Amino acid sequence: MPGKELSSPCVDCHDVESILTVRSRRLCRNCFVRYAGGKIVRRMEKFRRQPKSSQYKLLLPLSYGVSSSVLLHMVYAQLERQRANTYSPTGFDLQVLVVEPSTISAFSPACEERFETVQKAFPAISFTQVSFHSIFEFDPNVLETLQEFAGSSFVDDPSLPALDRLEKFRRSITTSTSRTDVDNILLIRLVVAFAKASGCQTILWGDSDSRLAAKALANVAKGRGSSLTWQVSDGISPWGIEFEYPMRDLFKTELDNYANLFPEVKSFVIPDAPISENILTKNLSIDELMMRYVQTQGEKYPGVMANVARTASKLQASELRSGQCKLCGASTASAEGLTGGTTISEEREIPRFCLGCARSRPMLDN
Amino acid sequence: MPPTPCLRCREARAVIIRPKNRHKLCRNCFLEVFETEVHETIMSTKLFYRGERVAIGASGGKDSTVLASVLKTLNERYDYGLELMLLSIDEGIKGYRDDSLETVKRNAVQYTMPLEIVGYDELYGWTMDQVVAQVGKKGNCTYCGVFRRQALDRGAARLGIKHVVTGHNADDVAETVMMNLLRGDLPRLSRGTSIVTGSEASDIKRSKPLKYAYEKEIVLYAHHKKLDYFTTECIYSPEAFRGSARTLIKDLEKIRPSSILDIVRSGEDMATLVPPEVSGAKNPTAVARATEEETTGGCGSQNGRSSGGEMADMEKQLAADENAQSHETEIKLSDIQLPDGSVPLQKTTNKKTAKKPPQKGTPLGKQVKTQTMGKCERCGYISSQKICKACALLEGLNKNRPKTAIEVEIAAEDEEGSTTLMRQMERIQLTT
Ligand SMILES: [Zn+2]
Ligand SMILES: [Zn+2]
Ligand SMILES: [Zn+2]
Ligand SMILES: [Zn+2]
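Predicted model, so just to flag it, every value in this text is computed and none were measured. Residue numbers run consecutively from 1 along every chain, following the written order of its sequence. Chains carry letters and ligands carry numbers; both start at the beginning, A for chains and 1 for ligands, and go up in the order they are written. Reporting of local features is limited, given that this is a predicted model, to residues whose pLDDT is at least 70; pairs of side-chain atoms are given and counted only at 80 or more, and all residues count toward the totals for whole chains, interfaces and linings. Note that water and hydrogens are dropped before the side-chain values are worked out from all heavy atoms of the structure.

Visitor: Sorry if this is basic, but what is going on with the overall build of chain A here?
Guide: Helix and strand labels come from DSSP, where a helix needs a run of H or I of at least four residues and a strand needs a run of E of at least two; each type is numbered from the N terminus. On a plain count of helices and strands, chain A comes out with 14 helices and eight strands. As a reference, a globule follows 2.2 Å times the number of residues to the power 0.38, and the radius of gyration itself is taken over C-alpha atoms. A compact globule built from 366 residues should have a C-alpha radius of gyration of about 21 Å, and chain A, at 22 Å, falls within 12% of that. Taken along the three principal axes of its C-alpha coordinates, chain A extends 80 × 45 × 40 Å. For every residue, the accessible area (1.4 Å probe, protein chains only) is compared with the maximum for its type, and the residue is labelled buried under 20%, exposed over 50%, or partly exposed between those bounds. By the burial criterion, 58% of the 366 residues in chain A qualify as buried. Pairs at least 24 apart in sequence give 66% of the contacts found in chain A among residues at least 6 apart. Total accessible area computed for chain A in this model is approximately 15300 Å², and 52% of it derives from carbon and sulfur atoms. Taken together, the 43 basic and 41 acidic charged side chains of chain A have centroids lying 4 Å from each other. What makes two residues a contact is simply this: any of their non-hydrogen atoms within 4.5 Å. Here, Shrake-Rupley sampling with a 1.4 Å probe gives the accessible areas, and only protein chains in the shown set may cover a residue. His is not counted, nor are the chain ends, whereas Lys and Arg count as positive and Asp and Glu as negative. For the purpose of locating charges, the reference atoms are NZ of Lys, CZ of Arg, CG of Asp and CD of Glu.

Structure representation (structure tokens):
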């Protein structure tokens, strides 16, 4: 249009002033939203319209972090569009699960109001809020496993409330790497158990591409290489529930930008804790170290970091060799006849836990 | 505080905290545990057969010196019936190789093992010093690595030996796993952890019996066994991805000492998950071999700094791929809602270039990289290319040979490398 003076027009529509740079292209607000949304739509393709009888039931765990919040916003928009078409049923049914953050970490705020806010923002779907320790209800077998896992370090007291019993177990693990590791598995088990109880076949995780890269590296470093086929790749988890990571094509910084454009998302997101510069490396957990690594390297080499997640997701799940880990469901083959470092104190019988879990057990903590 | 007793014998005083698991051990128990673990690795992988002639790739550095010492001990203790000898490569680096070769010569006497030294000049017509004078200090790790790996094979062939063992340790293997993950190199990820690597071109197999041994424990073993070794590592800086992986592994070790071993284990597990069409080649261990040759700088340099060039190059390539791909991909515009709730108008999409939605795990618009193995047309050495790396490097060198006579102006970007090299050279002289 002649006469229009734009100092930095959007490279997609050429009509509007650009507001941000996305993968070295200047885009306007609408074009950015379309770009980001397009990446999700492509991943959600398989959940498009289905005959009513085979409608997907999807569970979206919401942590109030930027990534899962943006995922909820995008998937909800997709659902709305499908609903707008009254002549065919929607492709999927969406349920949201919130594990009350204050029951996971004492540093997280209580989120009662937040829960109200998010429900108002997305009125057409059902939300459930549970506490972390409700894992004992949803996954009744877990207690026995935890006792076996922690051995004498954890003596359960059934007279205590569930909250205290879980706390007691978690306190038996002393290093931050092991604690984060075991917490992650317990959270996954809780979400899986809830999904099963509510008839969902698929869980939509909010992990961004950066987060998946960090997770891939961390899992490899923790001896959990074989779990990449469902912890990073879209795939069937050991519990038979399908795991999907629709945000895998978007960088964390892009999700931050997206959230900033939508006040209704901003209204319930818990902002990321700033990275503290003065923690000694040895006091970080492996998960934190890898998150930092991907973040700092990602500033210079975002594509290389993204490629890590892509590479990891090319691995193909194999038939389970040998036994199955009682805690995380991985193959226990990796823990058999551990060479090196194990001649002295580790047991030699058929392991009940995989290598990754064995490393996080309280008595083996080092 | 009373002295801590050894965790194993409960009698002697513990003087060592094992880097691998922080167990407190006495000197003798540490040496024995270390040896037993190497023995277990050898037995569980059926690495040797009775009467086998084995060459130990000896550089005079800690890894290969410890390997030679441990193999000699185990060969006698468990009666493996091996015929062991030392095989050394003389790269022709003045002040560096001269001293380490002296070490190897002393080792040969100490361990009563025959020693064969093969020079780069006789194998390639170039010493490393001449190569550096020719190409500058950039990318020299490539020459160092490629030439050395091949030299071991060629030296072994000269001795009529079919099995060469090298001093690669757990840190090296872990580093390779992380590096291949960072580089997105699945074929190499699938084979980088195997203990034995074969070759289609020569029938010489290569193995790494110290695959599960920590670098720090190798140093401790050498120290407590009072081994005679040469302390300087390769003076050339590692490739950027290897450098990044190395830093990461050092950090991980601080957080959880077992993580080096855990990465090796993860690498072994992931190797079984790489789709067969990606790992390629009928003879998978041959790929592993080529992998080692092409990627293992094997330099182990702690102070090597890298320009980051390889990472930057890959970043550029990936960005270009993504750009190309975004033009190919049909965006379902009707599925996208604008912030104001409207649906944007359908853009015209060229149906011919529009791609089907991607298959799971396949990057858009990009074929999965595969490798097939053949022989070098020039020297018959195993290679994924028509001409092997060494011959390709040599071709470049020989083409420019006359220039070396003239003083070549050092390019600005080479300068840092050269001063680094000089500093390192000075340090070597100081430490000897
Ligand atoms: Zn625009
Ligand atoms: Zn496990
Ligand atoms: Zn002892
Ligand atoms: Zn050749």
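From this point on, the discussion continues.
Visitor: Is there a simple way to think about the overall build of chain B in this case?
Guide: The helix and strand inventory of chain B stands at 16 helices and 10 strands. Put simply, chain B has 432 residues, and 54% of those count as buried. Long-range pairs, those at least 24 residues apart, make up 75% of the contacts in chain B between residues at least 6 apart in sequence. Looking at chain B as shown, the accessible area adds up to about 19400 Å², and 52% of this sits on carbon and sulfur atoms.

Visitor: Before we go on, may I ask you to explain the sheet that holds strand E6 (residues 202-204) of chain A in this structure?
Guide: Whether parallel or antiparallel, the strands of a sheet pair through hydrogen bonds between backbone atoms. Residues and elements named next belong to chain A. We call two strands paired when DSSP finds no fewer than two bridges between them. Pairing is mixed in the open sheet, where six strands are placed in the order E5-E4-E3-E6-E8-E7. Of all the strands in the sheet, the pair left with one neighbour each is strand E5 (126-130) and strand E7 (235-236). One ladder, built from two bridges, connects strand E3 (residues 56-62) with E6; its direction is parallel. Note on E6: the bridge partner recorded for leucine 58 is threonine 202. Inter-axis angles, ranging from 0 to 180 degrees, are taken between N-to-C directions of lines fitted to C-alpha atoms, where helices are fitted over the stretch in contact. Relative to strand E4 (residues 92-99), helix H2 (residues 66-84) is tilted by about 155 degrees, and along the sheet it contacts E3, E4, E5 and E6. Contacts between helix H3 (residues 112-121) and the sheet are confined to E3, E4 and E5, with E5 contributing the most and set at about 165 degrees to the helix.

Visitor: Sorry, what's going on with the environment of valine 33 of chain A here?
Guide: All names here are of chain A. Locating valine 33 in the fold gives a position in helix H1 (residues 29-43). Residue valine 33 is classed as buried on the basis of its relative accessible area of 4%. Once the C-alpha coordinates of valine 33 and arginine 165 are considered, the two residues, 132 residues apart in sequence, prove to be 45 Å apart.

Visitor: Would you mind going over the coordination of the zinc ion (ligand 2) with me for this structure?
Guide: Geometry sets the ideal angles at a metal, namely 109.5 degrees for four tetrahedral donors and 90 or 180 degrees for six octahedral donors. Residue and element names in this part refer to chain A. Here the zinc ion (ligand 2) is held by Cys325 (SG), Cys328 (SG), Cys354 (SG) and Cys357 (SG), and the distances to it run 2.3 Å. Coordination at the zinc ion (ligand 2) is tetrahedral: its four donor atoms span angles of 100 to 119 degrees at the metal. Read in sequence order, the donor residues for the zinc ion (ligand 2) give the motif C-x2-C-x25-C-x2-C. Here a donor is an N, O or S atom found within 2.8 Å of the metal, or within 3.2 Å if the metal is Na, K or Ca; sites may look incomplete because water is not among the atoms. Just to be clear on the cut-offs, tetrahedral is four donors with all angles between 85 and 135 degrees, square planar is four donors and octahedral six with opposite donors over 155 degrees apart and all others between 65 and 115, and anything else goes down as irregular.

Visitor: What's the story with the pattern of salt bridges in this structure? I'm lost.
Guide: Note that side chains of opposite charge can pair when their charged atoms are close. All names here are of chain A. Here, a salt bridge means any side-chain nitrogen of Lys or Arg that lies within 4 Å of a carboxyl oxygen of Asp or Glu. As enumerated under the stated definition, the model contains 48 salt bridges over all chains in all. Between aspartate 183 and arginine 170 there is a salt bridge, with the nearest N and O atoms lying 2.8 Å from each other. Residue aspartate 183 is located in helix H7 (residues 176-197), and its partner arginine 170 is located in helix H6 (residues 162-171); the two are separated by 13 residues in the primary sequence. The exposure class assigned to aspartate 183 is buried, which follows from its relative accessible area of 12%. Taken together, the shared-partner salt bridges in this structure form one network comprising Glu144, Glu148, Lys326 and Arg352.

Visitor: Looking at this model, I keep getting lost on unusual backbone geometry. Mind explaining?
Guide: Negative phi values dominate among residues other than glycine, just as trans dominates among peptide bonds. The backbone of serine 24 of chain A shows a phi angle near 60 degrees, a positive value even though the residue is not glycine. On the secondary structure map, serine 24 of chain A appears in the loop between strand E1 (20-22) and strand E2 (25-27).

Visitor: When you look at the domain arrangement of chain A in this model, what are you seeing that I'm missing?
Guide: Interface size is commonly expressed as the accessible surface area that is lost when the partners come together. Residue and element names in this part refer to chain A. The domain boundaries assigned to chain A delineate domain 1 (1-43) and domain 2 (48-270 + 281-321). An automatic or database domain assignment supplies the start and end points of every domain. Placing a centre on the C-alpha atoms of domain 1 and another on those of domain 2 gives a separation of 31 Å. The interface of domain 1 with domain 2 comprises 15 residues on the first partner and 14 residues on the second. Counting the surface lost from both domain 1 and domain 2, the interface buries some 1400 Å², and carbon and sulfur atoms represent 65% of this. Sorting the residues of domain 1 by area buried against domain 2 places Arg23, Ile40 and Arg43 first, and these three jointly supply 43% of that buried surface. For the pair domain 1 and domain 2, the interface holds three salt bridges. With its nearest N and O atoms 4.0 Å apart, the salt bridge here joins arginine 42 to aspartate 249. At the level of elements, E1 and H1 are the ones that each hand at least two residues to the side of domain 1 that touches domain 2. Its residues assigned to classes, the side of domain 1 that touches domain 2 shows nine nonpolar, one polar and five charged. Buried area: the sum, over both parts, of the accessible surface (1.4 Å probe) that disappears when the two are put together. In the scheme used here, Gly and all other residues not listed as nonpolar or charged are polar, with Ala, Val, Leu, Ile, Met, Phe, Trp, Tyr, Cys and Pro taken as nonpolar and Asp, Glu, Lys and Arg as charged.

Visitor: What is the right way to read the coordination of the zinc ion (ligand 3) from this model?
Guide: Residues and elements named next belong to chain B. Taken together, Cys6 (SG), Cys9 (SG), Cys26 (SG) and Cys29 (SG) make up the protein donors of the zinc ion (ligand 3), found 2.2 to 2.3 Å from the metal. Taken together, the four donor atoms surrounding the zinc ion (ligand 3) define angles of 102 to 116 degrees at the centre, an arrangement classified as tetrahedral. Between consecutive donors of the zinc ion (ligand 3), the numbers of intervening residues give the motif C-x2-C-x16-C-x2-C. Taken as a pair, cysteine 9 in the segment before strand E1 (16-17) and cysteine 26 in the loop between strand E2 (24-25) and helix H1 (27-44) lie far apart in primary sequence, 17 residues in all. Residue cysteine 26 is classed as buried on the basis of its relative accessible area, which comes to 5%.

Visitor: Which parts of the structure should I look at to understand the nonpolar core?
Guide: Soluble globular proteins: nonpolar side chains tend toward being buried together. Counting 94 residues, the largest nonpolar core has Leu186 and Met290 of chain A together with Met178 of chain B as its most contacted members. The biggest single contributor to this core is H7 of chain A, with nine residues. Ignoring sequence-local partners within four residues, the contact set of methionine 178 of chain B consists of Leu217, Val220, Ala221 and Met290 of chain A together with Ala245, Ile249, Leu252 and Ile263 of chain B. In this description, a nonpolar core means a group of buried Ala, Val, Leu, Ile, Met, Phe, Trp, Tyr and Cys residues linked to one another through side-chain atoms lying within 4.5 Å. In terms of nonpolar packing, the next biggest core, distinct from the first, is built from 47 residues, Leu20, Cys28, Tyr35 and Leu72 of chain A among them.

Visitor: Honestly, the packing of aromatic side chains in this entry has me stumped. Any pointers?
Guide: Given two aromatic rings, their pairing is described by the distance between the two centres and the angle made by the two planes. Residue and element names in this part refer to chain B. Stacked, tilted and edge-to-face are the three classes applied to pairs of Phe, Tyr and Trp rings, where Trp contributes its six-membered ring and a pair requires centres within 6.5 Å; stacked means planes under 30 degrees apart, edge-to-face means over 60, and tilted covers the rest. Within the structure shown, the criterion is met by 21 aromatic pairs over all chains. Aromatic side chains tyrosine 120 and tyrosine 124 sit 5.4 Å apart centroid to centroid with 90 degrees between the ring planes, which places their arrangement in the edge-to-face category. On the criterion of helical spacing, the pair formed by tyrosine 120 and tyrosine 124 is a turn pair, its members being four residues apart in helix H4 (residues 120-124). We classify tyrosine 120 as buried; its relative accessible area is 0%. Plain terms: the ring middles of tyrosine 124 and phenylalanine 147 are 4.4 Å apart, the flat faces sit at 20 degrees to each other, and that makes the pair stacked.

Visitor: Would you explain the sheet that holds strand E6 (residues 163-165) of chain B in this entry?
Guide: Residues and elements named next belong to chain B. What the six strands build is an open sheet, ordered E5-E4-E3-E6-E8-E7; its pairing is mixed. The open sheet terminates on both sides in strands that have one partner only, identified here as strand E5 (115-119) and strand E7 (196-197). With three bridges connecting them, strand E3 (residues 53-57) and E6 associate as parallel partners. Within E6, the residue paired with isoleucine 56 across the bridge is valine 165. Contacts from helix H3 (residues 97-110) reach strand E4 (83-90) and E5 within the one sheet, and its direction differs from that of E4 by about 170 degrees.

Visitor: What is the right way to look at the pairing of E4 of chain A in this model?
Guide: Across a regular strand the side chains alternate sides, sitting on one face of the sheet and then on the other. All names here are of chain A. When you tally the buried positions in E4, you get seven out of eight residues, the bulk of the element. Sheet analysis places E3 next to E4, joined by seven bridges and oriented parallel. Within the sheet, the bridge partner assigned to lysine 57 lies in E4 and is aspartate 93. Taken together, the five bridges between E4 and E5 define a ladder with parallel strand orientation.

Visitor: Any chance you could explain the side chain of glutamate 100 of chain A here in plain terms?
Guide: Residues and elements named next belong to chain A. Residue placement: glutamate 100 occurs in the loop between E4 and H3. In this structure, glutamate 100 is buried with no salt-bridge partner, the nearest side chain bearing the opposite charge being arginine 114 at 7.5 Å. Among all residues touching glutamate 100, those that are not within four sequence positions of it are Pro109, Ala110, Cys111, Glu112, Gln129 and Val130.

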